[in-house]
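Here is how the chains run, residue by residue.
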Amino acid sequence: MLQVLTASCQIREVYLKQTTGQECQTLQIGGSWLSPSALECYMKCMFLYPDTCQSVVYNTDNQMCKPGSVAFGPLENVDTSIPVTGSNDMIFYTKQPIPPCDTNGNFALYDVCGTTACLYLSSSQAKYHDAISICNGMNSTIFLGNTLARFSVFWYVSLNYLNKNTWMGLTDLAVEDSFVWENGEPLSDQMARWIWRPGYPNKWSPHEDCVEARHADWPGIYGLNDEECFMEIWYMCEPFDAYFVK
């Protein structure tokens, strides 16, 4: 644990975890500078960017420091992330707030690069709207990956725990070709470039209004697929109180 004096002269206690670009990455939020240590690198990042600094990338050989946003698991389409895989740069990131989670029930905590989600992983398949109803019945929403950090949690958990075709809380049911997260937030152009499989959505069928990770049918292939909502596949639920704490 580190005690860091922020720009507002308040003491902030933070935990910095160190790893490589093969494990976690971030987006650079400002220019680079030289720093004698990773700690001083992070302290300056906090001073310059008190509201957005959540990680730093540091190279002990050349002492180069790069300020970063919230860390996330490596995602193939995000070509502007740092550190570059295979470099000597290390990433130091802070852990985000852990959401409330009743782990005595059907939910469990899953952490990817400091972002934690409270999730129920389905034990059976369902159509998209049925999956939403099941989640709502557990005072939950179908999981939506509307940030890079949350999307990396979705991709990691759906791939490594379910390893099946899995619904994402994203559709263009209201307006054709205008994808909206289940919370009503539009899918941004930048997020769209990062999360779709290249060439998708392709509207192979005019009824492909829902979105899935197609792990079972596309092993080893990154990116989302548009799918017909009446297909029965797997899904993940997140409690309302856990989602809205973010």
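Use the structure listed above.
Below you will find a few notes about this structure. Fair warning: this is a prediction, and the values are worked out from it, not measured in the lab.

## Some thoughts on the environment of T116
Here is step 1 of the chain: By the element assignment, T116 lies in strand β9 (residues 115-121).
Here is step 2 of the chain: For T116, a relative accessible area of 5% gives the class buried.
Here is step 3 of the chain: Between the C-alpha atoms of T116 and F92, which are 24 residues apart in sequence, the distance is 17 Å.
Here is step 4 of the chain: One polar contact links T116 to K95, side chain to side chain, over a distance of 3.3 Å.
Here is step 5 of the chain: Within the local environment of T116, its side chain forms a polar contact with the side chain of D111, the two groups lying 2.9 Å apart.

## Side note on the sheet that holds strand β5 (residues 55-59)
Here is step 1 of the chain: The antiparallel open sheet is built from five strands, whose spatial order is β3-β7-β5-β6-β4. Two strands close off the open sheet at either side, each with one partner strand: β3 (16-19) and β4 (33-34).
Here is step 2 of the chain: Bridge analysis of β4 against strand β6 (residues 64-68) gives two bridges, and the strand direction is antiparallel. Paired with W33 across the two strands is C65, which belongs to β6.
Here is step 3 of the chain: Along the sheet face, helix α1 (residues 38-48) touches β3, β4, β5, β6 and β7 (90-94) and points at about 140 degrees away from the line of β5.

## Quick word on the packing of aromatic side chains
Here is step 1 of the chain: The full count for this structure, using the stated rule, is 11 aromatic pairs.
Here is step 2 of the chain: Plain terms: the ring middles of Y128 and W167 are 5.5 Å apart, the flat faces sit at 80 degrees to each other, and that makes the pair edge-to-face. On the criterion of sequence distance, the pair formed by Y128 in helix α2 (residues 128-137) and W167 in strand β11 (residues 165-171) is long-range, its members being 39 residues apart. By the burial criterion, Y128 is buried, and W167 matches it.
Here is step 3 of the chain: Geometrically, the ring pair formed by F179 and W196 is edge-to-face, given 5.1 Å between the ring centres and 70 degrees between the ring planes. Here the residue F179 occupies a position in the loop between β11 and β12 (180-181), and W196 occupies one in the loop between α4 (189-195) and β13 (210-214), the gap between them amounting to 17 residues. Summarising the burial analysis for this pair, F179 and W196 share the class buried.
Here is step 4 of the chain: An aromatic cluster is defined as three or more aromatic residues linked by ring pairs; in this entry it consists of F143, F151, F154, W155 and Y222.
Here is step 5 of the chain: Looking at R197, its charged tip hangs above the ring of W218, at a distance of 4.3 Å from the centre.
Here is step 6 of the chain: Stacked on the ring of W218, the Lys or Arg R214 has its end atom at 5.7 Å from the ring centre.

So, how was this worked out
Residues numbered from 1 in each chain as written. Predicted model: local features only at pLDDT ≥ 70, side-chain atom pairs only at ≥ 80, totals over all residues. Heavy atoms only, no water. Helix = DSSP H or I, 4+ residues; strand = E, 2+ residues; numbered from the N terminus. Buried < 20%, exposed > 50% of the residue type's maximum accessible area, 1.4 Å probe, protein only. Polar contact = N/O pair within 3.5 Å; in protein donor to acceptor, adjacent residues only side chain to side chain. Pairing = 2+ DSSP bridges. Contact = heavy atoms within 4.5 Å. Axes fitted to C-alpha atoms, helices over the stretch in contact; angles between N-to-C directions. Phe/Tyr/Trp six-rings, centres within 6.5 Å; stacked < 30°, edge-to-face > 60°. Lys NZ or Arg CZ within 6 Å of the ring centre and 35° of its normal.

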